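Close look at the chain arrangement
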Amino acid sequence: MNDQPRHTAAGPVDSPLVRLDGVTKSYGSGEIEVDALRGIELSVPRGQFVVVLGPSGSGKTTLMNLIGGIEPPTAGSVVVAGHDLTAADDRALTEYRRAQLGFVFQFFNLIPTLTALENVALVAELVGAPEEQARAALDAVGLGERADHFPSALSGGEQQRVAIARALVKNPPLLLADEPTGSLDLDTGRQVLAALHRACRDGERTVLLVTHNSAIAAMADRVLRLGSGRLVGDDLVTDPVPAEAVHW
Ligand SMILES: Nc1ncnc2c1ncn2[C@@H]1O[C@H](COP(=O)(O)OP(=O)(O)OP(=O)(O)O)[C@@H](O)[C@H]1O
Ligand SMILES: [Mg+2]
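Anyway, here's the lowdown on the structure attached to this text. (Residues numbered from 1 in each chain as written. Chains lettered and ligands numbered in written order. Predicted model: local features only at pLDDT ≥ 70, side-chain atom pairs only at ≥ 80, totals over all residues.)

As for the nonpolar core
Put simply, the rule reads: In this usage, the nonpolar core is the set of buried Ala, Val, Leu, Ile, Met, Phe, Trp, Tyr and Cys residues whose C-beta atoms join them within 7 Å. With C-beta atoms placed from the backbone, a residue is labelled by how many other C-beta atoms lie within 10 Å of its own: buried for 20 or more, exposed for 12 or fewer, partly exposed between the two. C-beta atoms are placed from the backbone for every residue, and two residues are taken to be in contact when these atoms lie within 7 Å.
Ranked by internal contacts, the top residues of the largest apolar core, which has 68 residues, are Val50, Val52, Val120, Ile164, Ala165, Leu196 and Val207. Look past the residues within four positions of Leu196 in its chain and what remains in contact with it is Ile164, Ala177, Pro180, Val207 and Leu209.

Remarks on the site of ligand 1
Keep this limit in mind: Here, nearness means that the C-beta atom of a residue, built from backbone geometry, sits within 6 Å of the molecule or strand in question. Secondary structure follows DSSP: runs of H or I at least 4 residues long count as helices, runs of E at least 2 residues long count as strands, and numbering of each begins at the N terminus. Amino acid classes used here: Ala, Val, Leu, Ile, Met, Phe, Trp, Tyr, Cys and Pro are nonpolar; Asp, Glu, Lys and Arg are charged; the rest, including Gly, are polar.
Taken together, 13 residues lie near ligand 1, and Tyr27, Ala36, Ser56, Thr61 and Thr62 sit nearest. Contributing elements (two or more residues each) for the shell around ligand 1: strand E4 (34–44) and helix H1 (60–67). Take the shell around ligand 1: its biggest share by element is 3 residues, from H1. Residue classes in the shell around ligand 1 are distributed as 3 nonpolar, 9 polar and 1 charged.

Some words on H1
Counting buried residues in H1 gives 8 out of 8 residues, a clear majority hidden from the surface. All of the buried residues along H1 are Lys60, Thr61, Thr62, Leu63, Met64, Asn65, Leu66 and Ile67. Phi for Gly69, located one or two positions after H1, is positive at around 65°.

Concerning the sheet that holds strand E7 (residues 83–84)
Note the following rule: By the convention used here, strands pair only if DSSP detects at least 2 bridges between them. Here an angle of 0 to 180 degrees is reported between the N-to-C directions of two axes, which are lines fitted to C-alpha atoms, with helices fitted over the stretch in contact.
Reading across the sheet, the 4 strands line up as E4-E3-E6-E7 and stay open at both edges, with antiparallel pairing between neighbours. With one partner strand each, in any of the chains shown, E4 and E7 form the two edges of the open sheet. Sheet topology note: the strand E6 (residues 75–80)/E7 ladder contains 2 bridges and is antiparallel. Each residue of the ladder has a partner; that of Val79, found in E7, is Asp84. Across the sheet, H1 lies against strand E3 (18–27), E4 and E6, angled at about 120° from E3, the strand it touches most.

Details of the packing of helix H5 (residues 156–168) against helix H6 (residues 186–201)
Operational definition: Every angle not falling under 35 degrees, over 145, or within 65 to 115 is termed oblique; those three ranges are roughly parallel, roughly antiparallel and roughly perpendicular. Helix crossings get a hand from a simple test, with the near helix turned counterclockwise from the far one by less than a right angle marking a left-handed crossing and a clockwise turn marking a right-handed one.
Where H5 contacts H6, the axes come no closer than 8 Å and their chain directions differ by 15°. Relative to H6, the element H5 is oriented roughly parallel. Here H5 runs over H6; the crossing is right-handed. Here H5 contributes Gly156, Gly157, Gln160, Arg161, Ile164 and Leu168 to the contact with H6, which in turn contributes Thr188, Gly189, Gln191, Val192, Ala195, Leu196 and Ala199. The residue inventory of the contact of H5 with H6, partitioned by class, reads 6 nonpolar, 6 polar and 1 charged.

As for the pairing of strand E9 (residues 174–178)
With 5 of 5 residues buried, E9 is to be regarded as a mostly interior element. By the alternation rule, side chains of E9 split into Leu174, Leu176 and Asp178 and Leu175 and Ala177, which are all buried. Taken together, the 4 bridges between strand E8 (residues 101–104) and E9 define a ladder with parallel strand orientation. Looking at E9, one finds that Leu101 is bridged to Leu174. Sheet topology note: the E9/strand E10 (residues 206–211) ladder contains 5 bridges and is parallel. Looking at E10, one finds that Leu175 is bridged to Val207.

Details of the pairing of E10
Threshold: A right-handed crossover is one whose linking path, passing over the helix from the first strand to the second, runs clockwise when the strands point away from the viewer.
Most of E10 is tucked away, with 6 of its 6 residues classed as buried. Across the two faces of E10 the burial is the same, with Thr206, Leu208 and Val210 and Val207, Leu209 and Thr211 all buried. One ladder, built from 5 bridges, connects strand E5 (residues 49–53) with E10; its direction is parallel. When the bridges of E10 are listed, Val51 appears paired with Leu209. You can see the chain leave E9, run along H6 and come back into E10, and the turn it takes is right-handed.

Below, the structure written as structure tokens:
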């Protein structure tokens, strides 16, 4: 028997996908210093659907930005898929975001003069993926039929699903979504949540979803709660419900 850990290009299979140790993030200095995150310890395995809750200003977006390699922590370490982001230079961080990360925001940031398919294909091209993959990503979020529509001809929920397809076309192991349903009503919000759930279940993909909306916690595998920059709750959900069963 070979008891060495199995490895992929992204690191040892059994190591957590995301690991934060003693992470602190402060903005400003002196009297106007704000501690956005304080002493965060966190380990997230592959394939987990994690909902991050917390009041406004509790540090949710800051946490996403650190895991996304967009900002460095003030202290502590952030390791994702075997990459120590705290030791990485700009070039390595860019490559990390390109290869490992899909990011979905509250406002969809689609290019208005490109069709749904073209918006997704643009990213496929950047990472050298074939155009069929763009079509497959749109199919995966249930929008194959709308490929040739421009964003202005799509509902908010459909536009957000195009944004998810765009994040998925790179086939990243980690998807970060910051208030992806924040500007949507219940029905379109649920379609977006279902697309994120599927993205997690279909690909051993880890999803970190930030929201104010505690109802969404019912569909998570795990719920993290932030309060004043600290991790004040970390609970596993034994029986997550499908997105269609979430009410708010
Ligand atoms: N670039 C910055 N400069 C200074 N302070 C900042 C900066 N970014 C965030 N902060 C502060 O850090 C704290 C955490 O902000 P963060 O954006 O992470 O909160 P949040 O939980 O995402 O809030 P919301 O739910 O309103 O989006 C807040 O007090 C905020 O004012
Ligand atoms: Mg935020």
